[in-house]
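# Chain and residue survey
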Amino acid sequence: DVKVTQSSRYLVKRTGEKVFLECVQDMDHENMFWYRQDPGLGLRLIYFSYDVKMKEKGDIPEGYSVSREKKERFSLILESASTNQTSMYLCASSSGEPGEKLFFGSGTQLSVL
Amino acid sequence: GENVEQHPSTLSVQEGDSAVIKCTYSDSASNYFPWYKQELGKRPQLIIDIRSNVGEKKDQRIAVTLNKTAKHFSLHITETQPEDSAVYFCAASQSFQKLVFGTGTRLLVSP
């Protein structure tokens, strides 16, 4: 089974802090994604990556950046956390075409106070 | 870009009834339509998907139908059970493009 692991299940940060969310997958997948999930808004794509050191903006990239130095690891960075970034963050990976079956991590619930 | 609308936002049914969730998409070039199920506190998981060259696909109690002309697709769950209670997300994409998700439907199946 594909395993997508997010480093933290719950995270509490202060406004203005720099926040790192880490995601690791163990199936040698080319594609990795960061989504945020908010009630009534579904899953919205923040950034995705087709390959090491490559990144593409999703639908809501403002206030976020990403890093993919190794194939198995995809990091989401909040340069200066704000209260409106309080959300559930989900990492996902897939092989083959980027729009194909996604395997999700268990999520990180981030609260920015 | 692609836009996916999903209805209803909540759906309550009695155990044994059928449930139908509908989605519409905007980009006629979209050709892949998956459905994800997210149980409370868990990660979304793919339950069924359909491609544009197929009109219907079934897997036991769940089925998905696609109407390319009208640009809508639906999830059908028959003989619902309490364990079907979850949030269901539809999505759409075209080849080599990212998935765009709907806003989700919370399905509650009462015993």
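Structure's up top.
Quick caveat: nothing in here was measured; it's all calculated off a predicted structure.

### Section: the pairing of strand β4 (residues 31-38) of chain A
Residues and elements named next belong to chain A. Among the eight residues in β4, eight count as buried, and that is most of the element. Neither face of β4 is left uncovered, since the one carrying N31, F33, Y35 and Q37 and the one carrying M32, W34, R36 and D38 both have all their residues buried. Relative to strand β9 (residues 87-94), β4 runs antiparallel, the two being bridged by seven bridges. Within β9, the position partnered with M32 by the bridge is S93. Where β4 and strand β5 (residues 42-49) come together, seven bridges link them in antiparallel fashion. Across the sheet, W34 pairs through a bridge with Y47, a residue of β5. Hairpin connection from β4 to β5: three residues lie between these consecutive antiparallel strands, with G40 at a positive phi of about 80 degrees.

### Brief notes about the nonpolar core
If you look at the biggest cluster of nonpolar residues, it comprises 24 residues, and the most contacted ones within it are B:W35, B:F73 and B:L107. Elements supplying a minimum of two residues to this core: β2 (10-14), β3 (19-25), β4 (32-38), β5 (45-51), β7 (62-67), β8 (72-77), β9 (86-92) and β11 (105-110) of chain B. If you look at the next biggest cluster of nonpolar residues, it comprises 20 residues, including A:V4, A:Y47, A:A81 and A:L110.

### With respect to the interface of chain A and chain B
Contacts between the two partners involve 22 residues from chain A, matched on the other side by 18 residues from chain B. Across the chain A to chain B interface the summed buried area is about 1,700 Å²; carbon plus sulfur atoms make up 54%. Applying the counting criterion to the chain A and chain B interface returns one salt bridge. Linking chain A to chain B there are five residue pairs in polar contact (both at pLDDT 80 or more). When contributions to the side of chain A that touches chain B are tallied by element, the ones reaching two or more residues are β4 and β5 of chain A. Per-element accounting of the side of chain A that touches chain B gives the leading share, four residues, to β5(A). Within the side of chain A that touches chain B, the residues separate by chemical class into eleven nonpolar, six polar and five charged.

### So, unusual backbone geometry
As a rule of thumb, non-glycine residues mostly have phi less than zero, and peptide bonds are mostly trans rather than cis. Between B:H7 and B:P8 the backbone carries a cis peptide bond, its omega angle lying at -5 degrees. Relative to the helices and strands, B:P8 is located in the loop between β1 (4-7) and β2. Of note in the backbone geometry, A:D28 takes a positive phi value of approximately 60 degrees without being a glycine. Its location among the elements puts A:D28 in the loop between β3 (19-25) and β4. Here A:D28 falls in the exposed class, since its relative accessible area comes to 52%. Despite not being glycine, A:K53 shows a phi value in the positive range, around 65 degrees.

### Overview of the sheet that holds strand β7 (residues 64-70) of chain A
Residues and elements named next belong to chain A. Here four strands make up an open sheet; going across it, the order is β1-β3-β8-β7 and the pairing antiparallel. Two strands bound the open sheet, and with one partner strand each, they are β1 (4-6) and β7. With strand direction ignored, the average angle separating the axes of adjacent strands in the sheet is 20 degrees. Taken together, the six bridges between β3 and strand β8 (residues 73-78) define a ladder with antiparallel strand orientation. Residue pairing across strands places V19 opposite L78, the latter belonging to β8.

### Topic: the state of the cysteines
A covalent bond between the sulfur atoms of two cysteines is what we call a disulfide. Counted according to the given criterion, the structure contains two disulfides over all chains. Here A:C23 is linked by a disulfide to A:C91, with a sulfur-sulfur distance of 1.9 Å. Negative torsions about the S-S bond denote left-handed disulfides, and the value of about -80 degrees found for A:C23 with A:C91 makes this one left-handed. Pair noted here: A:C23 is in strand β3 and A:C91 is in strand β9, with a separation of 68 residues, a long-range link. Using a relative accessible area of 0% as the deciding quantity, one classes A:C23 as buried. Note on cysteine connectivity: B:C23 is disulfide-linked to B:C90, with sulfurs 2.0 Å apart. One disulfide, between B:C23 and B:C90, carries an S-S torsion of -100 degrees and so falls in the left-handed class. Of this pair, B:C23 sits in strand β3 while B:C90 sits in strand β9, and the two are 67 residues apart along the sequence. B:C90 matches B:C23 in its accessibility class, with the two residues each being buried.

The rules behind each value
- Residues numbered from 1 in each chain as written.
- Chains lettered and ligands numbered in written order.
- Predicted model: local features only at pLDDT ≥ 70, side-chain atom pairs only at ≥ 80, totals over all residues.
- Heavy atoms only, no water.
- Buried < 20%, exposed > 50% of the residue type's maximum accessible area, 1.4 Å probe, protein only.
- Helix = DSSP H or I, 4+ residues; strand = E, 2+ residues; numbered from the N terminus.
- Pairing = 2+ DSSP bridges.
- Core = buried A, V, L, I, M, F, W, Y, C linked by side-chain atoms within 4.5 Å.
- Contact = heavy atoms within 4.5 Å.
- Buried area = accessible area lost by both parts, 1.4 Å probe.
- Salt bridge = Lys/Arg side-chain N within 4 Å of Asp/Glu carboxyl O.
- Polar contact = N/O pair within 3.5 Å; in protein donor to acceptor, adjacent residues only side chain to side chain.
- Nonpolar A, V, L, I, M, F, W, Y, C, P; charged D, E, K, R; others polar.
- Axes fitted to C-alpha atoms, helices over the stretch in contact; angles between N-to-C directions.
- Disulfide = S-S within 2.5 Å.

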